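# Observations on chain architecture
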Amino acid sequence: MGRINKSKGNNRAAKLKRRFARDVDLIRNDWKDPELADRLRHDRDIDVEEPGLNQFYCLECDRKFVANKVLREHENTKAHKRRVKLLAREDNYTLQEAERGAGKTPADSGLQPKGMQTE
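Residues numbered from 1 in each chain as written. Predicted model: local features only at pLDDT ≥ 70, side-chain atom pairs only at ≥ 80, totals over all residues. Heavy atoms only, no water.

## Re the overall build of the chain
Scanning the chain for helices and strands turns up six helices and two strands. A buried classification covers 16% of the 119 residues belonging to the chain. Excluding contacts between residues fewer than 6 apart, the proportion of contacts in the chain whose partners are at least 24 apart in sequence is 35%. As presented, the chain carries roughly 10,300 Å² of accessible surface, and 50% of it is formed by carbon and sulfur atoms. (Helix = DSSP H or I, 4+ residues; strand = E, 2+ residues; numbered from the N terminus. Buried < 20%, exposed > 50% of the residue type's maximum accessible area, 1.4 Å probe, protein only. Contact = heavy atoms within 4.5 Å. Areas by Shrake-Rupley, 256 points an atom, 1.4 Å probe, with all protein chains shown as cover.)

## Here's the deal with a nonpolar patch on the surface
There is a patch of nonpolar side chains on the surface, built from Ile-46, Val-48 and Leu-53 and spanning about 320 Å² of accessible area. By secondary structure assignment, the location of Leu-53 is in the loop between α3 (34-42) and β1 (56-58). Taking relative accessible area as the criterion, Leu-53 reaches 40% and is therefore assigned partly exposed. (Patch = residues over 30% accessible without salt bridge, like charges linked within 9 Å, V, L, I, M, F, W, Y side chains within 5 Å. Salt bridge = Lys/Arg side-chain N within 4 Å of Asp/Glu carboxyl O.)

## Structural notes on the packing of helix α2 (residues 24-32) against α3
Remark: α2 packs on α3, axes separated minimally by 5 Å, with the N-to-C direction vectors making an angle of 105°. Classified by the interaxial angle, the pair formed by α2 and α3 is roughly perpendicular. Side by side, α2 and α3 meet where Asp-30, Trp-31 and Lys-32 of the first sit next to Pro-34, Leu-36, Ala-37, Leu-40 and Arg-41 of the second. Considering only residue class, the contact of α2 with α3 consists of five nonpolar, no polar and three charged. (Axes fitted to C-alpha atoms, helices over the stretch in contact; angles between N-to-C directions. Parallel < 35°, antiparallel > 145°, perpendicular 65-115°, else oblique. Nonpolar A, V, L, I, M, F, W, Y, C, P; charged D, E, K, R; others polar.)

Put into structure tokens, the structure is as follows:
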């Protein structure tokens, strides 16, 4: 008798189960606007195709649940609390910060990235 082969994670069924959530910066923009956040959480249209008729939604994690009880249980999980903490502490990067991080600076500013010397 041989050993049962375990899935290595590169099978088709595993790829189909992956869930792609919205990026943190998009969720943070919705989360900071109280009116929009309230509308996304509570005033959702009924959709027969979605779990729980699209009525039970976690804005922070971008997940839909089948019942209110399941949503409340999710709000007590470590993953949800981590996500809320992440949304609360970081601000979105600006384009200038991203370019500085990549070592690019505007040509007309005369600034150079740290560590680069001109001759």
